[in-house]
Every structure is written in structure tokens, then in C-alpha cells.
Amino acid sequence: MADKFDVIVIGAGPGGYVAAIRAAQLGMKVACVEKWVNKSGKTVHGGTCLNVGCIPSKALLETSHKYVEARDDYSELGIEVSDVQMDVKKMMARKEKTVANLTGGISALFKANGVTALEGTGKLLPGKKVEVTGHDGNSETYEAENVVIASGSVPVEIPPAPLTEGLIVDSSGALEFQDVPKRLGVIGAGVIGLELGSVWNRLGSEVTVLEAMDSFLPVVDEQIAKETKKLLGKQGLDIRLGARVTGTDIKDNEVVVKYTDSSGEQEQTFDKLIVCVGRRPYTQNLLADGTGVELDERGFIQVDDTCQTNAPGVFAIGDVVRGPMLAHKGSEEGMMVADIIHGEKAQMNYDAIPSVIYTAPEVAWVGMSEQQAKKEGFEVKSGVFPFSASGRAMANNATEGMAKVVTDASTDRILGVHIIGQHAGELIAQGVIAMEFGSSAEDLALTCFAHPTLSEAVHEAALAVEGHAIHMANRKKR
Ligand SMILES: Cc1cc2nc3c(=O)[nH]c(=O)nc-3n(C[C@H](O)[C@H](O)[C@H](O)COP(=O)(O)OP(=O)(O)OC[C@H]3O[C@@H](n4cnc5c(N)ncnc54)[C@H](O)[C@@H]3O)c2cc1C
């Protein structure tokens, strides 16, 4: 038997690496096992998020957005640029460099914090032992006082559209295109499908998004979702709802997609097809018999509110457990679990986890939508402020969108904040902090916001709850 650790973390994504660093900061002896190898065969830390998720997708979204701005919008600002060209290979190289910097940064943070990085595949054995099988096939077993499983998730594949090298790809494949496909199909109008569809649409692809559900972004406040669909449609994303893919054929290096919609059977040909229908928890070969760790019916590791599994001393966090599949949710769970292992009382507020869709404009929300709040039995009041009335949005040439504050009418407590607009992903932090501190809309309304900022739209939305927005004509006057 090799070394014994206070904590062994399996998986070095944003859940696992944060748990490992926090536990080491608290003085514990920590190891983190990771099996991900990059194209050069080197073990890399950072998981889905850094390698094929949040970071590379945002690098491509940023480049493609700047390209569109330079091509279509600069002229309105008085900047004349001609012959704007896109170099896809250069864009990809910058993305790769960003990923390499960040994944290398996690390895450096492990060193700086004294976290032992174990390379290979970890398997939980009974009695809080972890077997690590290296890339050379040799195994070593380690003992731990506590184990944190952070093995993440993988893309869901669907039988009608099996992945086919270079033609039918998942989200990771869509981050690797070396040329702009002329006709691009996307199955799934979720967050990832809309972001990746936007990247390639901006660069010139004709993008068709096929969504089986009849509703668009059902988790998002209806008013915001409606605006999102309208604006993305204006940009050229052809989003078809109620379109259920039933099969695909590869013919002459093209993908023929068959789907059904309200008019019957349809067929459309694409140069490439991205399958973005969601992700599933990843627990393959992770749990030996007799560990006591149980999975639920959907394959998630079963945990309580503090991420404790059915096996004492074994925790699970991030995408492999219930809750939104978001990097920051996994990281927060990682910190909570490290604190609990250290003997502290820690908990997470699952009601105040922000979500962002990094389209242009961005869409962001925290807490309940107006519809959800009503369903939960609240009498709801809301205030909405359009970006078209914001001085800063006008100065920025970014007047699309709105901010919305949803409150409990009887107490004025903020139940949700919803924003579509430039930098919504940054602005939403105000809603998160407000909700974390149990604020009322009046608390936000009485707060002084710098002028001119986009944040003032959130301030005005809070004022609008009582019909007191200053820079627009209020519908309800009091
Ligand atoms: C295209 C795309 C864009 C996204 N954009 C965003 C975004 O903008 N914001 C956001 O919050 N989220 C985003 N996500 C989701 C985000 O990436 C995940 O929620 C996040 O990575 C989950 O973190 P995790 O630590 O739970 O798991 P992961 O990041 O999946 O990491 C799990 C790690 O565990 C390792 N592992 C698994 N099993 C073993 C084993 N047995 N032994 C050793 N190692 C193992 C894996 O190799 C992996 O490195 C995006 C995802 C995708 C695909």
C-alpha cells in the first residue's frame, strides 16, 4: 500500500481541483487523481471546463463576436475597416494557447499548494481506498480518510445521430473545426447548442438548430426567452422548435438529417452536424463493488445537501451529482466539502446559482423566473427596464435587451433576477449578491449605482417593481 492521504479527490475539473486546493489550504494532506491526457499525451488538469467546455467555447465566442463587430458594427461608430478577414486557424491556435495556459496553471497551483497530482484512472475501493491505474497500466492503491468524487460528465449521444468523424460531432468536435462549414446543423437549442451555433453562424455558416421540445429555453423567464429567440433569429440562427431528429445518413461527405415536426417528415442536408442534447454523469469503472456509494435512476451519484454519499467519508460534487451542470456550482461544492472535512459547518445556497448563456447579447439569470415563482405559489411582482433606455447601453451601441427583477409581492424579497443584454453574465453577479444577502427590491433600489453603467439597468428594474423607474415611463404609478 502506498501513501495515505487525508483527502483523495478523483477528477481535476472545476469541482475536483478546487476541492483539492481548498483542502490543502486548510492543512490537509491531499492527492488529486486525473486521467485526462491532451493531444501530446500529457496529463492535463481542468476537466471539461478548461479543456473542451467553458474556456475554449468562450475563446471562440469572443473572437467570432469581435469579427462580427468589426465587419458589421464598426462603421456605425465611425470606424471604417475594409476587407475584414477571419483566420480560423489563428482563432483556433489562440483558443489552444488559452487552454494550455489555464490547464498548466492548475498544475502549478497544485504544486504551490502541496497537492499531490496522481496521473491515471482512479477507482474507489471499499474502505475509502483508491486504486490508481497509470497510463502505463500499472496500479497503485492509496488510502484516505476522505474521498471526494468529481468525475464530471460526458456528452449524451443519441442513436439517430451517431458521431461520425468530422461530420457528426459533439460539442468537443465543434470546438475543433478548422474551416467554417457552409451549412451547419445543431441538434438541441440548449445553452451549449446556442453558443456553438452562434460561433459558426457569426463566421458565416448557415445554422439550423433542431429542437425537439416545443418551448424555447424553458428554464429561462418567458419574457427573456422570447427576446432571446427573437434576437438570435435576427442574427441568422434558424431555430426550429418541435423538430425531433429521427435519423441521419452520410452521403458524399454530407449529413442528411431526417426529422419530424408539426408538418410531418422533413429532411435537410448539412456539411456538419453538432449533437448538443445534454450531458450525463460519468461514473464508468469508477466504483468497485461494496463501496456503499449509490447512483440514482439517472446515473447521478446520490448525495445529500452537503454532497455526502451513502458511504461515510465519501463525498461527490460537480456534474456527477444532482443540480445544474455548471463549473461554478461544482467549485462551490468543492469548497463546501473541503470545509466540512476540515470540521467546519458549511453549506451551499442552491437557490442563488447564476446561469449564463454567452450569446450576443448574453442571457443571465439567478433564482426563479416569474412563471416558476407563480408555480411555487408566490404572489409575484416584477420590474423590467429595457437596455434601450440606458444611457450607457446607448453609448455602447448595445441597446438590445432588458433587466428584470422578480419579487415576492408580500415581502418584496427578490426571488429572481433575469437579464438579456451586453455583459449580462457580469451584471448578474449583482442579483446573486442581492439574493445571497436576502435583499428586497427596495434594498437594491436604495443602493447607489455608478453612472453611466449597464448596472443601472438592474437598479432601474428594482425601482420599476414599485413603478418608480426614473428613466422610462412606468406602467404602474404609485
Ligand atoms: C462546450 C461546453 C461549454 C460549457 N460552458 C460552460 C460555461 O460557460 N459555464 C459553466 O459554468 N459551465 C460550462 N460548461 C459546463 C462545465 O464544463 C461543467 O459543468 C464542469 O466542467 C463540471 O465540472 P466537474 O469538475 O464536475 O467535471 P469535469 O469538468 O467534467 O471534470 C471531471 C474530471 O474528472 C476526470 N475523471 C473522470 N473519471 C475519472 C477517474 N475515474 N479517474 C481520474 N480522473 C477522472 C475527467 O478526466 C475530468 O478531467 C460547459 C460545458 C461544455 C461541454
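Since this is a predicted model, take the numbers as computed values, not measurements. Along each chain, numbering runs from 1 in the same order as the chain's sequence is written. This being a predicted model, a pLDDT of at least 70 is required before a residue's local features are given, and a value of 80 or more before pairs of side-chain atoms are given or counted; all residues contribute to the totals for chains, interfaces and linings. Side-chain measures here rest on the full set of heavy atoms in the structure, leaving out hydrogens and waters.

## A closer look at the pattern of salt bridges
For salt bridges, the criterion is a side-chain nitrogen of Lys or Arg within 4 Å of an Asp or Glu carboxyl oxygen. The final tally for this structure, using the stated rule, is 23 salt bridges. A salt bridge links lysine 39 to glutamate 96; the nearest nitrogen and oxygen atoms lie 3.5 Å apart. Here glutamate 96 lies in helix α4 (residues 88-113) and lysine 39 lies in the loop between β2 (30-34) and α2 (47-52), a separation of 57 residues in the sequence. The shortest N-O distance in the salt bridge between glutamate 176 and lysine 95 comes to 3.4 Å. Here glutamate 176 is found in the loop between α5 (171-174) and β9 (183-187), whereas its partner lysine 95 is found in helix α4, with 81 residues between them in sequence. You can call glutamate 176 partly exposed: its relative accessible area is 30%. Its relative accessible area of 2% is what places lysine 95 among the buried residues. Through salt bridges that share partners, Lys39, Lys95, Glu96 and Glu176 make up one connected network. What counts as a helix is a DSSP run of H or I of at least four residues, what counts as a strand is a run of E of at least two, and both are numbered from the N terminus. Here the term buried applies to any residue with accessible area under 20% of the maximum for its type, exposed to any over 50%, and partly exposed to those in between, with areas from a 1.4 Å probe on protein chains only.

## Re the nonpolar core
Side-chain atoms within 4.5 Å are what join buried Ala, Val, Leu, Ile, Met, Phe, Trp, Tyr and Cys residues into a set we call a nonpolar core. In terms of nonpolar packing, the biggest core is built from 38 residues, with Leu194, Trp200, Ile239 and Ile274 touching the most fellow members. Sorting the residues of this core by element identifies α3 (54-73), α4, β9, α6 (191-202), β10 (206-210), α7 (222-235) and β19 (362-367) as the ones contributing at least two each. Whether two residues are in contact is decided by their heavy atoms: any pair within 4.5 Å suffices. Sequence-distant contacts of tryptophan 200, that is, excluding residues within four places in its chain, are made with Val88, Met91, Met92, Ala174, Phe177, Asp179, Val180, Pro181, Leu184, Ser205 and Val207. If you look at the next biggest cluster of nonpolar residues, it comprises 31 residues, including Val356, Val366, Ala457 and Leu463.

## Focus on the domain arrangement of the protein
Each domain span listed reflects an automatic or database assignment of domains. In terms of domains, the protein is made up of domain 1 (4-155 + 280-342), domain 2 (168-277) and domain 3 (354-465). Averaged C-alpha coordinates put domain 1 and domain 3 at centres separated by 30 Å. The interface is formed by eight residues belonging to domain 1 together with five residues belonging to domain 3. We define buried area as the total accessible area lost by two parts upon association, computed with a 1.4 Å probe and summed across both. Taken together, the two surfaces of domain 1 and domain 3 that pack against each other cover about 510 Å², and 61% of this comes from carbon and sulfur. Here a polar contact means two N or O atoms within 3.5 Å. Within protein one must be a hydrogen donor candidate and the other an acceptor candidate, and residues neighboring in sequence count only if both atoms are side-chain atoms. The interface formed by domain 1 and domain 3 includes one residue pair in polar contact (both at pLDDT 80 or more). Of the residues that constitute the side of domain 1 that touches domain 3, the class distribution is three nonpolar, two polar and three charged. Residues are grouped as follows: Ala, Val, Leu, Ile, Met, Phe, Trp, Tyr, Cys and Pro are nonpolar; Asp, Glu, Lys and Arg are charged; all remaining types, including Gly, are polar.

## Focus: the sheet that holds strand β21 (residues 402-408)
In this description, strands pair whenever DSSP reports at least two bridges between them. Taken in spatial order, the five strands make up an open sheet running β18-β19-β22-β21-β20, and their pairing is antiparallel. Since the sheet does not close on itself, it has two edges, and those belong to β18 (355-357) and β20 (380-386), each with one partner. Each adjacent strand pair in this sheet contributes to an overall mean axis angle of 10°, direction not counted. Here β21 pairs with strand β22 (residues 414-421) via six bridges, running antiparallel. When the bridges of β22 are listed, alanine 403 appears paired with isoleucine 419. An axis is simply a line fitted to the C-alpha atoms; with a helix, the fit covers only the stretch in contact. Between two such axes, the angle follows the N-to-C directions and lies from 0 to 180 degrees. Each of β20, β21 and β22 is contacted by helix α13 (residues 455-464), which is oriented at about 140° to β20, the strand it contacts most.

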